[in-house]
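Descriptive structure summary
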Amino acid sequence: MKHLRQLAVTASGMVIATLLTFAAIVPAVQAERGRGDRISQTIPLPELDRHLQPDIVTEVIPDEELPPPLDDGVLFRMIERRPPLQRHLPEQQVEVHLMEDGRMFVFQPNRGRQPMGQVEPAVLEQFKRLLRNPEFLNYNATSWSNPNQEETGYTVMLSSASVTIELKGQFSLSEALLPDSVVAVMNTFGYMLAYLAA
């Protein structure tokens, strides 16, 4: 599990830091329960989309840049791309697949597919409801970037059976740069990812 923790830690300084809102969720849950041995199965979610801040750039992802459809049995996929650590090295890519039955797998170069664990049924069902949210479905093939940040070459592409969205660079959920329906999906996926990688 050491490499999975490293994945969460390494990614936490980039766009996936948006996904790993674990750090914000856990203290509140622990305080509520009085101990830190188990995370609550209920995550508070926003109800309506906020207006986007004017400095965010929203674009349509061209068809030729969309990833292939999900494989059978896959509920949700994250593709994280990072620039190479050194110029002569290839681009780094990590994929995480959440299966319909709640199993989660990570795909890393030279390591193949490795299991991360099993998502709790209540959280999985909540996540499935979020993916069916009509507001979230409206954002299919949407890409967001923040022009106020330096270009990093870092992207995260998130796909369900009906929606693919892309984030270029870093986003803070606290800055309300993204629609609430998108934030809710990212929050919950980040919760599951961080919980299983811990």
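Residues numbered from 1 in each chain as written. Predicted model: local features only at pLDDT ≥ 70, side-chain atom pairs only at ≥ 80, totals over all residues. Heavy atoms only, no water.

This part covers the sheet that holds strand β4 (residues 103-108). Judged by pairing direction, the sheet is mixed, and its eight strands sit side by side in the order β1-β6-β8-β7-β2-β3-β4-β5 without closing on themselves. Strands with a single pairing partner mark the edges of an open sheet, and in this sheet they are β1 (57-60) and β5 (112-118). In this sheet, neighbouring strand axes are inclined to one another by 15 degrees on average, regardless of whether the strands run parallel or antiparallel. Two strands pair when backbone bridges link them, and strand β6 (residues 142-145) and strand β8 (residues 164-168) are joined in this way by four bridges, in the parallel orientation. Bridged to Thr-142 within β8 is Ile-165. Across the face of the sheet, helix α4 (residues 121-131) comes into contact with β2 (74-82) and β3 (92-99) while running at roughly 80 degrees to β2. On the sheet, helix α6 (residues 180-197) packs against β2, β3, β4, β5, β6, β7 (155-159) and β8 and is oriented at approximately 95 degrees with respect to β5. (Pairing = 2+ DSSP bridges. Helix = DSSP H or I, 4+ residues; strand = E, 2+ residues; numbered from the N terminus. Axes fitted to C-alpha atoms, helices over the stretch in contact; angles between N-to-C directions. Contact = heavy atoms within 4.5 Å.)

A few words now on the side chain of Glu-95. The residue Glu-95 is located in strand β3 in this model. Buried charge without a salt bridge: Glu-95, with Arg-77 as the nearest opposite-charge side chain at an N-O distance of 4.8 Å. Engagement of the side chain of Glu-95 in a polar contact is seen with the side chain of His-97, the distance being 2.8 Å. Discounting residues that sit within four places of it in the chain, Glu-95 has contacts with Arg-77, Met-78, Ile-79, Phe-105, Val-106 and Phe-107. (Buried < 20%, exposed > 50% of the residue type's maximum accessible area, 1.4 Å probe, protein only. Lys, Arg positive; Asp, Glu negative; His and termini not counted. Salt bridge = Lys/Arg side-chain N within 4 Å of Asp/Glu carboxyl O. Polar contact = N/O pair within 3.5 Å; in protein donor to acceptor, adjacent residues only side chain to side chain.)

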